[in-house]
Amino acid sequence: MSSPTNSNTPAPIDLSPWRRVPTLLIAIGGVLAAFGAFHDYKQFSYSWLLAFMFFLSLGLGGLILVILHHLFDAAWSVVIRRVCEHLACLLPIMAFMFIPIALNVLFASPEMQIYPWIKMLKTHEMDHALASKQPLFTVPSFFIVAAICFGSWWLFSNRLRYWSLQQDVTGAAVCTRMMRRYAAFGVFFFAITLTFAAIMWMKALQHEWFSTMYGVYYFAGSVWMTIFTVYVLTALLKRQGPLRPVATEKTFYFIGTLMFAFTVFYAYITFFQYFIIWNANVPEETFFYVLRERGNWFWVSMLIIFGHFFLPFLLLLRIDVKLTWLMIPLAVWAWIMHFVDMSFNIMPVLHPEGYHLDWMDLACVAFIGGVLAKMFLKSFNAHPPFPQKDPRIAETMDVYVAPDEFVQAATARGINHKSGGSH
Amino acid sequence: MATTSQKYGILAEFETPAAAMHAAETVRDRGFRKWDVFTPFPVHGMDKAMGIKNSKVGWFSFLGGVTGYTSGMVMIWWMNAVDYPIIIGGKPMFSPFGAFPPCYELTILLGAFGALFGMLFMNRLPRLHHPLLKHRRFALATHDRFFLVIETADPKYSENETRKLLESTGSKRIELVEE
């Protein structure tokens, strides 16, 4: 297997046999998930929540990569921006994937509720923790938060892509200014909505628990997994052709650097969430980790320490490894690790005795993944593969376009700037 | 005194980064070993043009980091659990979680030392004098000129051939530098 980043990229792979994979995933996953919903509704609800939070990461990661690109006025990430914009535009689709969770909250019987606090509300048995978290932990608030989250994600992902596509046609500077404006406001909305989403949809499984780092914990894992995905997509699109002229060694090196940064950032957040709770030793907080040290959940936590952090950390240490084929299996590993991490956060509530991989987990992942893959491919095929007229596209491609004043001054001094003085 | 002076190398001056880069590519392809390029600012792609491999300084910082982490863990374990055990907050005598923050700091500290001293060692620094500093035009390397120097110690060096090679790369000012 050769490096995905070589300047002499090998010939495209024939992907036509894979064309039907998203449809197959939707069909098989959909049938199995629907069967599961009747077979064991509670397991289905948790599996769906797991798959939902897993793929929500991808959309949120794409959105923040686009926002960061504009905030830093970066040149190198122009190449991957369109891919990230399409990933971000998967967020409104995730609003439809939220429907089974919403239905569970609204209509399921108290025993079948995903969230124990809603069961408490319905049976009028509020505990102290829940009473002191009113009025956020009420059913109307739950839906208001969801509406604000999906509303702002739709707004920012849609507007950022709209102006980016607009620039492909007009090449006008006003598009860049508009994208920057949306990015500058968007980063605040992003931070607040992501935190609320992580609290209301995942942390609220144990509403008694406190952790001020939970939002940023979900953020770190999400972006980590998204960057690996972007690496694979970029490498594939370079090999297949669309990104061949623009994706250079530099592009892959910088994505690799971000992968490394977020590997460390995730470990930092995860460790300190544990460390602060361990150090304070307050029962209202420690019960979260006590539950996750019982049965084989202990070994799952070890897998997260060594597989989510140490393995990618040590593999990514070397500067040159970020350009090798090793990154492709590592990206697959990152998906598995993020899935394990999400299971570690969600599943102990349903299965306190220990971890087991349920077939419904895979069915829900297959269904949502298939839908998202189909939507991603649809929008990718409908638009140019990278921003065509971005002001920094020449810089990205390592083409130096000298400003007019410089050309005149250099000509006056007798320097031929184009051939670099080699006469 | 001056008659016994030895030659250090041959110095070619360029006016643009691109010219220096093309010259570096030529010199690299001819298989020279003891040579260097001096520019007023970092030129992207110069490492590749000069054929410089990945720096070995990373290994020094890695070793420094591993030393810092392990010595921190061993130190805290020995002090808190063996030499002078005190129960604090009902915690175990030694726990890798409690010991982690100081060990992490030591990892960073010794890693940084490794990087700094490794860099100085690999560059054979500090040194008090370098023959190039005597050359009157070389100061322009901090201003607007780009220099390429090939040392006489290079096995491929020959005064006439090397000068011709550098002329062919487009340098208009080629001078010998004395030791």
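The rules we used
- Residues numbered from 1 in each chain as written.
- Chains lettered and ligands numbered in written order.
- Predicted model: local features only at pLDDT ≥ 70, side-chain atom pairs only at ≥ 80, totals over all residues.
- Helix = DSSP H or I, 4+ residues; strand = E, 2+ residues; numbered from the N terminus.
- Rg over C-alpha atoms; globule rule 2.2 N^0.38 Å.
- Buried ≥ 20, exposed ≤ 12 C-beta atoms within 10 Å, placed from the backbone.
- Contact = placed C-beta atoms within 7 Å.
- Pairing = 2+ DSSP bridges.
- Axes fitted to C-alpha atoms, helices over the stretch in contact; angles between N-to-C directions.
- pLDDT = per-residue confidence, 0-100.
- Parallel < 35°, antiparallel > 145°, perpendicular 65-115°, else oblique.
- Left-handed = near helix turned anticlockwise from the far one by under 90°.
- Nonpolar A, V, L, I, M, F, W, Y, C, P; charged D, E, K, R; others polar.
- Domains from an automatic or database assignment.

Draft legend 1. The overall build of chain B, seen in detail. Looking only at helices and strands, one finds five helices and four strands in chain B. Reading chain B from its N end, one meets helices and strands in the order β-α-β-α-α-α-β-α-β. By the compact-globule yardstick of 16 Å for 179 residues, chain B is too spread out, its C-alpha radius of gyration being 25 Å. C-alpha atoms of chain B, sized along the principal axes, occupy 80 × 40 × 30 Å. For chain B, the proportion of its 179 residues judged to be buried stands at 23%. Of the contacts made within chain B by residues no fewer than 6 positions apart, 80% connect residues no fewer than 24 positions apart.

Draft legend 2. Just the sheet that holds strand β2 (residues 35-38) of chain B, in detail. Residues and elements named next belong to chain B. Sheet architecture is open: four strands sit in the order β2-β3-β1-β4, paired in antiparallel fashion. Among the strands making up the open sheet, the edge pair consists of β2 and β4 (173-178). The sheet shows a mean angle of 20° between the axes of neighbouring strands, direction not considered. When strand β1 (residues 7-14) meets β4, the two strands line up antiparallel, connected through six bridges. Looking at β4, one finds that G9 is bridged to V177. With respect to the sheet, helix α5 (residues 159-168) is in contact with β1, β3 (146-151) and β4, its orientation differing from that of β1 by roughly 15°.

Draft legend 3. View of the confidence of the model for chain B. For chain B, mean pLDDT is 91; residues scoring 70 or higher make up 97% of the total. In the predicted complex, the global pTM is 0.87; the interface-specific ipTM is 0.75.

Draft legend 4. Geometry of the packing of helix α2 (residues 41-72) of chain A against helix α3 (residues 78-88) of chain A. Residues and elements named next belong to chain A. Across the interface, α2 lies against α3 with an axial gap of 7 Å and an inter-helix angle of 135°. Compared by their axis directions, α2 and α3 come out oblique. Both α2 and α3 take part in a crossing whose hand is left-handed. From α2, L58, G59, G61, G62, L63, L65, V66 and H69 reach across to α3, where they touch R81, C84, E85, L87 and A88. A breakdown of the residues in the contact of α2 with α3 according to their chemical character gives seven nonpolar, four polar and two charged.

Draft legend 5. Representation of the domain arrangement of chain B within the structure. Looking at the assigned domains, one finds that chain B contains domain 1 (2-40 + 144-178) and domain 2 (57-122). On a C-alpha basis, the centres of domain 1 of chain B and domain 2 of chain B stand 46 Å from each other.

Draft legend 6. Fine view of the packing of helix α8 (residues 139-170) of chain A against helix α9 (residues 173-201) of chain A. Residue and element names in this part refer to chain A. Where α8 contacts α9, the two axes come as close as 9 Å, and the packing angle between them is 155°. Looking at the two axes, α8 sits roughly antiparallel to α9. Where α8 crosses over α9, the handedness of that crossing is left-handed. Grouping the amino acids of the contact of α8 with α9 by side-chain chemistry returns 17 nonpolar, eight polar and one charged.

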